[in-house]
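Single-letter residue listing:
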Amino acid sequence: IDDRNEPLYNSIVFANLLNNLGCIECHKMNMLEADFYFVEAVQIGRKAVEFSKNEMKVYLGAYRHLEYIFDRCLSMQKRALGNNHAEMATTQNNIGMVYFEIGRINDAMKSFLHSLHVTRWAKGHNHPDTAIPLLHLGRVHRIRCEYGKALQLYNKALNIKRTN
């Protein structure tokens, strides 16, 4: 990203992305690259924490609005496509991301599990799209300090990506 004043650059979401990239580089034993990502994530995270209370209310309000939009989208998709259509998996995954970002980890887990179930049913267990909910479930387990489960899910996702 060229302009470091962009809202995405200064967001918690972007700091999390950099942190995840650092974790991946760490697993690949690329410690210098991992350190670069971790340092940048911390710097951005500090800026994001400096939001005023009103700005945080706007930030959470935006996520709540997204939750409302995705819930409406999900109910319309269920009526039009049924419960096990591949598009349902994408919407469930997006709802899970919103829940994850606002700290509703249990709801995020349920959404990611549903997304995984539907993706596997609609596309098969080894389809590349199956890796997406596996990665997000791994993040949930990592946040819960369930590192063994997180690592298992990350490895499953990696194996699917490597074979496709």
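Here, residues in each chain are numbered from 1, in the same order as that chain's written sequence. Local features in this predicted model are restricted to residues whose pLDDT is 70 or higher, and side-chain atom pairs enter the listing and the counts only when it is 80 or higher, whereas totals over whole chains, interfaces and linings include all residues. The side-chain numbers reported here are obtained from all heavy atoms of the structure, hydrogens and water having been left aside.

## What to know about the pattern of salt bridges
When a carboxyl oxygen of Asp or Glu is within 4 Å of a side-chain nitrogen of Lys or Arg, the pair counts as a salt bridge. Taken as a whole and judged by the stated rule, the model has two salt bridges. Note that Arg 104 is salt-bridged to Asp 107, the shortest N-O span being 2.8 Å. For the salt bridge of Asp 129 with Lys 123, the shortest nitrogen-to-oxygen distance reads 2.3 Å.

## Quick notes on the packing of helix H6 (residues 131-143) against helix H7 (residues 147-163)
Orientation of H6 relative to H7, taken along the N-to-C sense of each, is 165 degrees, at an axis distance of 8 Å. The angle between H6 and H7 falls in the class roughly antiparallel. With respect to the hand of their crossing, H6 and H7 are arranged in left-handed fashion. Counting all contacts with H6, which are made through Ala 131, Leu 134, Leu 135, Leu 137, Gly 138, Arg 139, His 141 and Arg 142, the residues of H7 involved are Tyr 147, Lys 149, Ala 150, Leu 153, Tyr 154, Lys 156, Ala 157, Ile 160 and Lys 161. Looking at side-chain class alone, the contact of H6 with H7 contains 10 nonpolar, two polar and five charged residues. The convention used is that axes are lines fitted to C-alpha atoms, helices contributing only their stretch in contact, and that angles between N-to-C directions extend from 0 to 180 degrees. Strands are runs of DSSP state E lasting at least 2 residues, helices are runs of H or I lasting at least 4, and numbering of each runs from the N terminus. Every angle not falling under 35 degrees, over 145, or within 65 to 115 is termed oblique; those three ranges are roughly parallel, roughly antiparallel and roughly perpendicular. Crossings are classed by handedness, with left-handed meaning an anticlockwise turn of the near helix from the far one by less than a right angle and right-handed meaning a clockwise turn. By definition, residues are in contact when any of their heavy atoms lie within 4.5 Å. Residues are grouped as follows: Ala, Val, Leu, Ile, Met, Phe, Trp, Tyr, Cys and Pro are nonpolar; Asp, Glu, Lys and Arg are charged; every other residue, Gly included, is polar.

## Describing the confidence of the model for the protein chain
Per-residue confidence from the prediction method is given by pLDDT, with values spanning 0 to 100. Taken residue by residue, the protein chain gives an average pLDDT of 77. The fraction at 70 or more is 68%. The least confident element of the protein chain is helix H3 (residues 53-81), whose mean pLDDT is 65; the most confident is helix H5 (residues 105-123), at 95.

## Some thoughts on H5
Residues that lie three or four places apart on an α-helix share one face, since the helix turns once every 3.6 residues. Spanning 19 residues, H5 covers 26 Å between terminal C-alpha atoms, matching the ideal 27 Å at 1.5 Å per step. Within the span of H5, buried status applies to Ile 105, Ala 108, Met 109, Ser 111, Phe 112, Ser 115, Leu 116, Val 118 and Thr 119. The inward-facing, buried residues of H5 abut helix H4 (86-101) and H6. Multiply 1.5 Å by the residue count of a helix minus one, and that product is the helix's expected span. In this scheme, a residue with accessible area under 20% of its type's maximum is buried, one over 50% is exposed, and one in between is partly exposed, where area comes from a 1.4 Å probe on protein chains only.

## Topic: the nonpolar core
Nine residue types can take part in a nonpolar core, namely buried Ala, Val, Leu, Ile, Met, Phe, Trp, Tyr and Cys, and a core is a set of them joined through side-chain atoms within 4.5 Å. Formed by 15 residues in total, the largest nonpolar core has its most connected members in Phe 100, Ala 108, Phe 112, Leu 134, Leu 137 and Val 140. Put simply, the parts of the chain that give this core at least two residues each are H4, H5, H6 and H7. A per-element tally of this core places H5 first, with five residues. Those residues in contact with Val 140 that lie beyond four places of it in its chain are Phe 100, Ile 105, Met 109 and Phe 112.

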